[in-house]
Amino acid sequence: MTEGTVEVYADGACRGNPGPGGWGVLMRLGPRERELYGGEPATTNNRMELTAVIRALESLRRRCAVRVYTDSQYVQKGISEWIKDWKRRGWRTAGKTPVKNVDLWQRLDALAQDHEVEWHWVRGHAGHEGNERADALANRAIDEMQGAA
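This structure is a prediction, so every number in the text was calculated from the model and none was measured.

## Observations concerning the sheet that holds strand β4 (residues 65-70)
So, point 1. Across the sheet, 5 strands lie side by side as β3-β2-β1-β4-β5; this open sheet has mixed pairing. Where the open sheet ends on each side, the last strands, each with one partner, are β3 (32-43) and β5 (116-121). For this sheet the average axis-to-axis angle between neighbouring strands, irrespective of direction, equals 20°.
So, point 2. Summarising the sheet, strand β1 (residues 5-14) and strand β2 (residues 19-29) pair through 8 bridges and their orientation is antiparallel. Along β2, the bridge assignment pairs valine 8 with methionine 27.

Laid out in C-alpha cells, this is it:
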C-alpha cells in the first residue's frame, strides 16, 4: 500500500463462546481495498477480535499511519487504556490475576509500536459499512471452516 492513512475495519465472531470462531478485516487506502479473513475451530470472541487487528497490522509491509475501527471495546480500551497498567504490573489485572489472551495482547502491542495507530470504537451491527463488511468476512471464515460455504 502506498502513501496515506490505512483504514482498518476489524471484527471477530464466535459461534458459542468458546466455539468455532472467525475474524475479518477490510483494509482501505484511498480507493484500494483488501479483505482478509480466517478462523479457528475452538476459540473465543475476544481472541478473534484481537486476531483480526493483529492480522491487519501484520499484513502491512512498511510503517504506516493506521486508523483501526473495531466494535470491540475490549480491544479498543485494552490497547489504548488498560495495557499500560497491565505491563507495569507484569501482565496482571488490577485484581492481580493474569491478563487473559496475554499472548495476543503482547503481539498486538509489538505490532502497534511499528505504526502510528489511532484506535476507534464503532457500534457493532449498527449499519457502519466497514464494520458490517468485516463482520461478514468473520462469519464467512466460520462458514468455510464448517463446510457451509
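We are not done yet, so read on.
## Details of the side chain of glutamine 76
So, point 1. Among the secondary structure elements, glutamine 76 is positioned in helix α2 (residues 73-88).
So, point 2. Taking the relative accessible area as the measure of exposure, glutamine 76 reaches 14% and is therefore buried.
So, point 3. When sequence neighbours within four positions are dropped, the list of residues in contact with glutamine 76 reads Thr70, Trp119, His120 and Trp121.

## Focus on the nonpolar core
So, point 1. Core analysis: the biggest nonpolar cluster contains 32 residues, and Val8, Val25, Trp105 and Leu108 have the highest contact counts within it.
So, point 2. Here the element with the most residues in this core is helix α1 (residues 45-58); it accounts for 7 residues.
So, point 3. Ignoring sequence-local partners within four residues, the contact set of leucine 108 consists of Leu50, Val53, Ile54, Leu57, Ile79 and Trp119.
So, point 4. Judged by nonpolar contacts, the second largest core, of 5 residues, contains Tyr9, Tyr69, Val122 and Ala134.

## Section: the packing of aromatic side chains
So, point 1. Evaluation of the coordinates by the stated rule reveals 4 aromatic pairs.
So, point 2. Relative to tyrosine 69, the ring of tyrosine 9 lies with its centre 4.9 Å away and its plane at 15°, an arrangement referred to as stacked. Of the two residues, tyrosine 9 sits in strand β1 while tyrosine 69 sits in strand β4, which places them 60 residues apart along the sequence.
So, point 3. Tyrosine 9 gets classed as buried once you look at its relative accessible area, which sits at 7%.
So, point 4. A centroid spacing of 5.9 Å and a plane angle of 55° characterise the contact between tryptophan 82 and tryptophan 86, whose relative ring orientation is tilted.

Parameters at a glance
- Residues numbered from 1 in each chain as written.
- Predicted model: local features only at pLDDT ≥ 70, side-chain atom pairs only at ≥ 80, totals over all residues.
- Heavy atoms only, no water.
- Pairing = 2+ DSSP bridges.
- Helix = DSSP H or I, 4+ residues; strand = E, 2+ residues; numbered from the N terminus.
- Axes fitted to C-alpha atoms, helices over the stretch in contact; angles between N-to-C directions.
- Buried < 20%, exposed > 50% of the residue type's maximum accessible area, 1.4 Å probe, protein only.
- Contact = heavy atoms within 4.5 Å.
- Core = buried A, V, L, I, M, F, W, Y, C linked by side-chain atoms within 4.5 Å.
- Phe/Tyr/Trp six-rings, centres within 6.5 Å; stacked < 30°, edge-to-face > 60°.

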